[in-house]
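Descriptive analysis of the structure
Okay, here's what each chain looks like letter by letter:
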Amino acid sequence: MRRMSGSYRSALIIGIQGIRARKLRTLLSMVSLFLGVLAVVVVQAGASIAERALLADMEMTQGYDGTKVMEVLPNDKLGTIVTDTLEGQPDAIAMLTTQAIIGEPGVKPVNEGGSPFDENWGGGMICNGPGPEDCEPINSGPPGAAIEIRLSALTGDIRTFRPLRPMTGDWLDFSSVPSLAPKLVINREAEKGFNRHQVPAEMRINGASANLTPQIVGVVDDGDYQPRAYVRMDELSNWLPSTAMTDPNSGGAQLQVLLGPDSPVEKVLTSKLQAAGVETYAQTIESYKQLESQLSLMRLLFLSMAGLVLLIGVAGILNVGLATVGERVEEFALRRAVGTPRLLLAGIVLAETLLTGLLTAAAAIGAGVAGLKVVSMLVGQSEPMLRDVQFPWEAGVAGIIAGIIAGVLGGFIPALRAAGIPIATVMRA
Amino acid sequence: MTEPLIELTGITRILKGQEEPRTILDGVNLTVHRGQSVAIVGRSGSGKSTLLSILGLFDRADEGSYVLAGQDISRLPERKSAKLRSSHFGFVFQRFFLLKHLTAAQNVAMALVNGQGWLPRRQRRARVMEALDQVGIAHLAKNRPVKMSGGEQQRVAIARALVRDPQVLLADEPTGALDTETGTAVIDVLLNATTRGCSLVLVTHDRDHAARMGRTMSLVDGVLTERVPV
């Protein structure tokens, strides 16, 4: 291990002695600096937590960074191309989404069109001409006890690509034998609907050979504001032929393929689909990049404000530093008399202010950690963003950097003064 | 006679203030041999402290040459002067200049923790205790200056000057703040250092103390002359 040179060690030892000799003054310097460093820590922590939360939300709805999302237009030629190609591939899954109604048959669902339960999108219109007078609402029967949801059928575990948050119950088990009564995992909006409305367990899907009896096994947070349920594709295909799944006339069906960043499946699947005349659109998820541009300006703004508060703290440390040097003229002159170089004298003063800055940073980081814990305990239940939130390391680093900058800026002029004290002061005293 | 350690030749120092330039030292010649003790006497304002400042490399002469152990150090840069002050000189002042927040041992160690080389803590402590022992106050190592008498404080200051085994001890009225008896004891300690080959230059007003030195020089209006013992 490389050891510090004698000068550094001397500066450190004398600096610590100086701080111990002037504890109250050091404390006052720390108090003046504390708010500035704390402001930097809080801004950085807030920005990092917000960034994490936003990123987590984006990942939940769009996918992890680097995930490739291939949109495949429903086509009756699709057949089993997708499911066959993806079978046994751990880094790719397909998600087929269609509309489903759970509840009484032949009635209008309480959330027609799969709308969120606090909104009403209506059930759509059929238009026979170009003008609004040519349109009439779809007659979907009398209002009844039924809920319309988006049903996403999966060929594998989507959580590899999108971090859905489990709320209650279980997630889909892809390793077991497919059940004839499809297991559903619903999202929070769907849970809201099922809590509000008592509906019979009968599920209708366009093109299905019969009405299904689903089993709801769990609830997840998927960030979607529409009611949605996830189901195993093989459990659904018992009742819904693959041609019906991908029938472009079935209405609202979407097929997405999620692929890992370096998945070889993409090329194979694309070629097979192109050969079958199916159009595909692929995009790579870049949530962080997208988020960074949104947050950078806001972070800069807050950091500038924190910087101003820090400057006030620096002025405090500078003031105390100058007063201390003024008091210690004889000490510094004496140190020069016994052979201490000017540079080391400056180093001693800088070491003191740096140590003060670092101690303040430690105190501010400690306060930040404690404050975040308290906030998390108090409002964590109502604010998921703050539930079990960890103190971001970036905020700790920012606090230390702020402490170092404050120490150097606040100690620079006093250090110059100390180095310039004439040695003859001791002779004239 | 041993070889000369210090050779000042034609040292002149002129103070250029707002008024007329004032000659403080006027062509001072001084030779000090190894282990020799020299007293410099003179009235206040005669230039004794200025001469000591030049000897201790606190100040620089306007004219003349300063040779230390055969090396001309008349025009030494500050960095090298600091190194020489640390390695060759020990200083004792009228006011003891002890740092009151440090113990006696830490005050002595100040001369070792000065960026001029590094001693591990154990060696540093041994050197400090040896120096305190030389001046007879090793038992007060952990005491702070406020708990010590004037004589004890001056001994700590002398231990600080001796801890690096200097070749020259420069003392500026070290007994000025002490009573006669304590002052005599302090001079004993200083003279004791010369028995180990360390030269001593003592600035004093006290004739008795001056008489105990090997040589006595008188500084009058910036001119240094040797006083021949009667």
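As a reminder, the structure under discussion sits directly above these lines.
Because the structure is predicted, anything quoted here is derived from the model rather than measured.

**Quick notes on the overall build of chain B**
In terms of helices and strands, chain B carries seven helices and 10 strands. By the burial criterion, 49% of the 230 residues in chain B qualify as buried. In chain B, the share of contacts with a sequence separation of at least 24, taken over all contacts with a separation of at least 6, comes to 71%.

**Considerations on unusual backbone geometry**
Residue and element names in this part refer to chain B. Here Leu57, not a glycine, exhibits a phi torsion of approximately 60 degrees, which is positive. With respect to the secondary-structure elements, Leu57 resides in the loop between helix H1 (48–55) and strand E4 (63–68). Judged by the 24 C-beta atoms lying within 10 Å of it, Leu57 is buried. Positive phi values are uncommon outside glycine, yet Glu173 reaches one of about 45 degrees.

**A few points about the interface of chain B and chain A**
Residue-level contacts link 26 residues of chain B with 25 residues of chain A. When contributions to the side of chain B that touches chain A are tallied by element, the ones reaching two or more residues are H1 and helix H2 (78–88) of chain B. Of the residues forming the side of chain B that touches chain A, the biggest block, six residues, is contributed by H2(B). By residue class, the composition of the side of chain B that touches chain A is 11 nonpolar, eight polar and seven charged.

**Points about the pairing of strand E1 (residues 68–72) of chain A**
Within a regular strand, side chains alternate between the sheet's two faces. Residue and element names in this part refer to chain A. Side chains of E1 alternate between two faces, with Lys68, Met70 and Val72 buried and Val69 and Glu71 left unburied. Note that E1 and strand E12 (residues 280–284) share five bridges and pair antiparallel. Each residue of the ladder has a partner; that of Val72, found in E12, is Thr280.

**A word on the environment of Glu352(A)**
With respect to the helices and strands, the residue Glu352(A) is situated in helix H10 (residues 342–379). The spacing of Glu352(A) and Ile13(A) is 339 residues in sequence and 9.7 Å in space, taken between C-alpha atoms.

**Some points on the sheet that holds strand E10 (residues 223–227) of chain B**
All names here are of chain B. Read from one edge to the other, the open sheet built from six strands follows the order E6-E7-E8-E3-E9-E10, with strand pairing classed as mixed. Two strands close off the open sheet at either side, each with one partner strand: strand E6 (89–92) and E10. With strand direction ignored, the average angle separating the axes of adjacent strands in the sheet is 20 degrees. As defined by bridge partners, strand E3 (residues 37–41) adjoins strand E9 (residues 215–220) across four bridges and the pair is classed as parallel. Bridging across to E9, Ala39 finds its partner in Thr216.

**Concerning helix H8 (residues 287–327) of chain A**
Residues and elements named next belong to chain A. Taking 1.5 Å as the rise per residue, H8 with 41 residues should run 60 Å; its terminal C-alpha atoms sit 57 Å apart, in good agreement. At Leu295, H8 is bent by approximately 35 degrees, the largest bend along its length. Along H8, the residues classified as buried are Ser287, Ala306, Leu310, Gly313, Val314, Gly316, Ile317, Leu318, Val320, Gly321, Thr324 and Val325. Contact partners of the buried residues in H8: helix H2 (23–61), H10 and helix H11 (393–419).

**Observations concerning the packing of helix H1 (residues 6–21) of chain A against H10(A)**
Residue and element names in this part refer to chain A. As a packed pair, H1 and H10 sit with axes 8 Å apart at the nearest point and diverge in direction by 55 degrees. Considering the angle they form, H1 stands oblique to H10. Crossing angle aside, the handedness with which H1 passes H10 is right-handed. Between H1 and H10, the contacting residues are Ser7, Ser10, Ala11, Leu12, Ile14, Gly15, Ile16, Gly18 and Ile19 on the first element and Leu344, Gly347, Ile348, Ala351, Glu352, Leu355 and Thr356 on the second. Its residues placed into classes, the contact of H1 with H10 shows nine nonpolar, six polar and one charged.

**With respect to helix H4 (residues 188–196) of chain A**
Residues and elements named next belong to chain A. Looking at H4, one finds that the buried residues are Glu189, Ala190 and Gly193. End-on view of H4: buried residues confined to an arc of 100 degrees, all on one side of the axis. Elements in contact with the buried residues of H4: strand E5 (146–154), strand E7 (183–187) and strand E10 (228–232).

**Side note on the sheet that holds E4(B)**
All names here are of chain B. The four strands are arranged E2-E1-E4-E5 in an open sheet whose pairing can be described as antiparallel. Looking at the sheet topology across the chains shown, the edges are occupied by strand E2 (22–33) and strand E5 (71–72). As paired elements, E4 and E5 share two bridges and run antiparallel to each other. Residue Leu68 lies in a different strand from E5, and its bridge partner there is Gln71.

**A few points about the packing of H8(A) against H11(A)**
Residue and element names in this part refer to chain A. The contact between H8 and H11 brings their axes to 8 Å, and the two run at 30 degrees. By the angle between their axes, H8 is roughly parallel relative to H11. Crossing handedness for the pair H8 and H11: right-handed. Where H8 approaches H11, its residues Leu310, Gly313, Val314, Ile317, Leu318, Gly321, Leu322, Thr324 and Val325 are matched on the opposing element by Ala402, Ala406, Leu409, Gly410, Gly411, Ile413, Pro414, Arg417 and Ala418. By residue class, the composition of the contact of H8 with H11 is 12 nonpolar, five polar and one charged.

**Details of the environment of Gly396(A)**
Residue and element names in this part refer to chain A. Relative to the assigned elements, Gly396 resides in helix H11. A tally of 19 C-beta atoms within 10 Å means that Gly396 is categorised as partly exposed. In the structure, Gly396 is positioned 352 residues away from Gln44 in sequence and 8.5 Å away in space, judged by C-alpha atoms.

**Observations concerning the nonpolar core**
If you look at soluble globular proteins, the nonpolar side chains tend to sit buried side by side. Ranked by size, the top nonpolar core spans 92 residues in total, and within it Val108(B), Leu169(B), Leu190(B) and Val201(B) carry the most contacts. The element contributing the most residues to this core is H10(A), with eight residues. Ignoring any residue separated from it by four or fewer positions in sequence, one finds Val201(B) in contact with Val32(B), Val38(B), Ile40(B), Leu52(B), Leu55(B), Val168(B) and Leu170(B). Counting 46 residues, the second-largest nonpolar core is a separate cluster that includes Ala100(A), Ile205(A), Tyr230(A) and Leu258(A).

Rules and cut-offs
- Residues numbered from 1 in each chain as written.
- Chains lettered and ligands numbered in written order.
- Predicted model: local features only at pLDDT ≥ 70, side-chain atom pairs only at ≥ 80, totals over all residues.
- Helix = DSSP H or I, 4+ residues; strand = E, 2+ residues; numbered from the N terminus.
- Buried ≥ 20, exposed ≤ 12 C-beta atoms within 10 Å, placed from the backbone.
- Contact = placed C-beta atoms within 7 Å.
- Nonpolar A, V, L, I, M, F, W, Y, C, P; charged D, E, K, R; others polar.
- Pairing = 2+ DSSP bridges.
- Axes fitted to C-alpha atoms, helices over the stretch in contact; angles between N-to-C directions.
- Expected span 1.5 Å × (residues − 1).
- Bend = angle between axes of the 7 residues up to and from the residue.
- Parallel < 35°, antiparallel > 145°, perpendicular 65-115°, else oblique.
- Left-handed = near helix turned anticlockwise from the far one by under 90°.
- Arc of directions from axis to C-beta.
- Core = buried A, V, L, I, M, F, W, Y, C linked by C-beta atoms within 7 Å.

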